[in-house]
Amino acid sequence: MADTHVLFVEDDDVIREATQLALERDGFVVTAMPDGLAGLEAFRADRPDIALLDVMVPGLDGVSLCRRIRDESTVPVIMLSARADSIDVVLGLEAGADDYVTKPFDGAVLVARIRAVLRRFGHAGGADRSASADDVPAEAVLRFGDLEVDTEGMEVRKGGENVALTPTEMRLLLEFSDAPGTVLSRDRLLERVWDYGWGGDTRVVDVHVQRLRGKIGQDRIETVRGFGYKLRG
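Owing to the predicted nature of the structure, the values given are computational and were not obtained by experimental measurement.

Definitions and limits used
- Residues numbered from 1 in each chain as written.
- Predicted model: local features only at pLDDT ≥ 70, side-chain atom pairs only at ≥ 80, totals over all residues.
- Heavy atoms only, no water.
- Pairing = 2+ DSSP bridges.
- Helix = DSSP H or I, 4+ residues; strand = E, 2+ residues; numbered from the N terminus.
- Axes fitted to C-alpha atoms, helices over the stretch in contact; angles between N-to-C directions.
- Contact = heavy atoms within 4.5 Å.
- Buried < 20%, exposed > 50% of the residue type's maximum accessible area, 1.4 Å probe, protein only.
- Core = buried A, V, L, I, M, F, W, Y, C linked by side-chain atoms within 4.5 Å.

Before going further, it helps to spend a moment on the sheet that holds strand 1 (residues 5–9). Strand order in this open sheet of 5 strands is 2-1-3-4-5, and the pairing throughout is parallel. Two strands close off the open sheet at either side, each with one partner strand: strand 2 (29–33) and strand 5 (99–102). Sheet twist, expressed as the mean angle between neighbouring strand axes with direction ignored, is 20 degrees. In this sheet, strand 5 lies alongside strand 4 (residues 77–81) in parallel orientation, the contact comprising 4 bridges. Within strand 5, the position partnered with Ile78 by the bridge is Asp99. Together, strand 1, strand 2 and strand 3 (50–54) form the strand contacts of helix 1 (residues 13–25), whose direction differs from that of strand 2 by roughly 170 degrees.

This part covers helix 4 (residues 87–94). Of all the positions in helix 4, only Asp88, Val89, Val90, Gly92 and Leu93 are classed as buried. Elements that come into contact with the buried residues of helix 4 comprise helix 3 (62–72), strand 4, strand 5 and helix 8 (203–216). Note on helix 4: the residue one or two positions beyond its end, Gly96, has a positive phi of about 120 degrees.

Moving on, we come to the pairing of strand 6 (residues 141–144). If a strand is regular, its side chains alternate between the two faces of the sheet. The pairing of strand 6 with strand 7 (residues 147–150) spans 4 bridges and is antiparallel. Within strand 7, the position partnered with Val141 by the bridge is Asp150. The antiparallel pairing of strand 6 with strand 7 creates a hairpin that spans 2 residues between the two strands, and Gly145 there sits at a positive phi of about 65 degrees.

A cis geometry characterises the amide bond from Lys103 onward to Pro104, with omega recorded as -5 degrees. Inspection of the secondary structure assignment puts Pro104 in the loop between strand 5 and helix 5 (107–123). The phi dihedral of Arg47 falls on the positive side, at around 45 degrees, and the residue is not glycine. Examined against the element boundaries, Arg47 turns out to sit in the loop between helix 2 (36–46) and strand 3.

Here the focus is the nonpolar core. Within the largest apolar cluster, 50 residues are counted, with the highest numbers of intra-cluster contacts made by Leu53, Met79 and Phe176. For Met79, the contacting residues outside a window of four places in its chain are Leu53, Val55, Gly62, Val63, Cys66, Gly92, Ala97, Asp99, Tyr100 and Val101. Core analysis: the second largest hydrophobic core is formed by 17 residues, Phe8, Leu23, Leu52 and Leu110 among them.

Read these as spatial facts, not as claims about activity.
So, in structure tokens, the structure goes:
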């Protein structure tokens, strides 16, 4: 992790400095900014490996900054929120964040969540490669109606058109594609996609499923009330 570059946007001086020191002690390279506009400039200049964005920062709030980053990149984003029940958590996830951590947070917990996100992004690191179905074995391309999932090229096509997914969305779709017609619980998806070895907030799953539906078709992933979700074959 010594070369992992973290962009950290937080307006509270004490939290920003203490968190930066904690992350640097764990081997991360940290660019810390006090507001959203400075954070956006730093993101464009440095292209970090991961962004930590506090929801309530001046200039350009964290949710808006997340949207701007997501318009330009699939870099992983973790939102920081002072309240676990805040609507800002859902807004951040809907804006394209991959996970969130509530404040106050333990430094070890934050580092663990960062590493979990980076692990799954490394697994889906081929999502930006260009590869055609002709370049991979037939069994590597899974078809569900007009939806094609290229599990080697890490590409998705709907009706022959490429669909742009974030690495987290790609991992989620791969879980569904691996067991079409099987109901996957939210807890299982949290464990397999988000690398949670313990119960997490299922809103993370629900928002990502909704985002994925918007890209591959609202009817492709079915809600099984009280149990979870399944991919229609």
